[in-house]
Amino acid sequence: MSDSVTRQFAAKMRNLFQTAKMTARNDDGSLKAETTYGRTIDDLNEAFPYGFKAKAESGELTVLCAGGSLDAVKILPVENSDDAPELETGDVAVYSSGGNRVICRKDGSIETLADDGNIIVTASKGSVSITAGGGKTIYIGNGSESVCSLLCSLADDILAKFQTFGPPPRHNVHPTTVAAVNQWKVKVQQTFADKSEESDA
């Protein structure tokens, strides 16, 4: 084998796998990158597994070159773990540069965080079900105190509506009903107080 053929073969072998740095994302979503050898390649499309896609803002690339030629390339997804959350062995996370994340913990828990935005759940043709284990509680709201205040205010509003509903303009609510509603308020307050103590423990 001549030296020329040997050099060509060695170059193709060397070029089968290359690393590159993402330099821009084009309007159509493709990438532009610069290889470690200083060559710029454009119109790169990442190869994602079925059911998953991401659009990184920056990072490193692994470039696969068919036959060692940069004219026939495929790239693996951009590598960038700058914003990755802290994980324990066995944990799995999906995250973005905005600080949002979903973490599936090895212990069976799931953590969801929208750092500066909304969490939107939409069932266009069905229902949304949230089920807790036996004896467990589901908490919904923007804080225990606000939810507790909201529920207690609801109880007061119900009593007020009973007293002002229909002619004559005022009605006396039976003492038993008043006592039941007030007991419910106390139970709500105690439930959230217990939750707060659990969180502090």
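Residues numbered from 1 in each chain as written. Predicted model: local features only at pLDDT ≥ 70, side-chain atom pairs only at ≥ 80, totals over all residues. Heavy atoms only, no water.

## Description of the overall build of the chain
A count of helical and extended segments in the chain gives three helices and eight strands. Accessible surface, the chain as shown: approximately 15,100 Å² in total, 53% of it carbon and sulfur. (Helix = DSSP H or I, 4+ residues; strand = E, 2+ residues; numbered from the N terminus. Areas by Shrake-Rupley, 256 points an atom, 1.4 Å probe, with all protein chains shown as cover.)

## Observations concerning the pairing of strand S3 (residues 40–44)
By the bridge criterion, three bridges tie strand S2 (residues 31–35) to S3 in an arrangement that is antiparallel. Looking across to S3, one finds that Leu 31 is bridged to Leu 44. (Pairing = 2+ DSSP bridges.)

## A look at the sheet that holds strand S6 (residues 92–95)
Taking strand neighbours across the sheet as the criterion, the three strands line up as S6-S7-S8 in an open arrangement whose pairing is antiparallel. At either end of the open sheet lies a strand with only one pairing partner, and these are S6 and strand S8 (110–113). Strand-to-strand twist across the sheet, computed as the mean angle between neighbouring axes with direction ignored, equals 5 degrees. (Axes fitted to C-alpha atoms, helices over the stretch in contact; angles between N-to-C directions.)

## Considerations on a nonpolar patch on the surface
Where nonpolar side chains cluster on the molecular surface, the patch consists of Phe 52, Val 94, Val 102 and Ile 110 and spans about 370 Å² of accessible area. Inspection of the secondary structure assignment puts Val 94 in strand S6. Look at Val 94 and you get partly exposed, because its relative accessible area is 49%. (Patch = residues over 30% accessible without salt bridge, like charges linked within 9 Å, V, L, I, M, F, W, Y side chains within 5 Å. Salt bridge = Lys/Arg side-chain N within 4 Å of Asp/Glu carboxyl O. Buried < 20%, exposed > 50% of the residue type's maximum accessible area, 1.4 Å probe, protein only.)

## Brief notes about the side chain of Thr 62
By secondary structure assignment, the location of Thr 62 is in strand S4 (residues 60–65). Accessibility expressed as a relative area gives 19% for Thr 62, which makes it buried. Separated by 3.1 Å, the side chains of Thr 62 and Glu 79 make a polar contact. Excluding anything up to four places from it in sequence, Thr 62 contacts Gln 18, Lys 74, Ile 75, Leu 76 and Glu 79. (Polar contact = N/O pair within 3.5 Å; in protein donor to acceptor, adjacent residues only side chain to side chain. Contact = heavy atoms within 4.5 Å.)

## What to know about the sheet that holds strand S5 (residues 73–75)
In space, the five strands of this open sheet follow the order S3-S2-S1-S4-S5, with antiparallel pairing throughout. Bordering the open sheet on either side are S3 and S5, each of which pairs with just one other strand. With direction set aside, neighbouring strand axes in the sheet form an average angle of 40 degrees. Pairing analysis gives five bridges linking strand S1 (residues 17–25) to S4, with the strands arranged antiparallel. If you follow Lys 21 over to S4, its bridge partner there is Glu 60.

## Concerning the nonpolar core
Counting 12 residues, the largest nonpolar core consists of Ala 20, Met 22, Leu 31, Ala 33, Ile 41, Leu 44, Leu 61, Val 63, Cys 65, Leu 70, Ile 75 and Val 78. For this core, the secondary-structure elements that each account for two or more residues are S1, S2, S3 and S4. Here this core gets three residues from one element, more than from any other, and that element is S4. With residues up to four places along the chain from it excluded, the contact list for Cys 65 reads Asn 15, Leu 16, Gln 18, Leu 70, Ala 72 and Val 73. (Core = buried A, V, L, I, M, F, W, Y, C linked by side-chain atoms within 4.5 Å.)

## Looking at the pattern of salt bridges
Oppositely charged side chains can pair when the atoms bearing their charge come close. Here the structure, examined in full by the defined rule, presents five salt bridges. Between Arg 105 and Asp 91 there is a salt bridge; the shortest N-O distance is 2.7 Å. Here the residue Arg 105 occupies a position in the loop between strand S7 (101–104) and S8, and Asp 91 occupies one in the loop between S5 and S6, the gap between them amounting to 14 residues. Accessibility classification places Arg 105 together with Asp 91 in one group, the buried group. Between Asp 156 and Lys 185 there is a salt bridge, with the nearest N and O atoms lying 2.8 Å from each other. With Asp 156 in helix H2 (residues 144–164) and Lys 185 in helix H3 (residues 175–200), this residue pair connects regions lying 29 residues apart in the sequence. Using a relative accessible area of 36% as the deciding quantity, one classes Asp 156 as partly exposed.

## Observations regarding the pairing of S7
Here four bridges tie S6 to S7, and the two strands are oriented antiparallel to one another. Looking across to S7, one finds that Val 92 is bridged to Cys 104. The antiparallel pairing of S6 with S7 creates a hairpin that spans five residues between the two strands, and Gly 99 there sits at a positive phi of about 95 degrees. The pairing of S7 with S8 spans four bridges and is classified as antiparallel. What sits directly across from Cys 104, in S8, is Ile 110.

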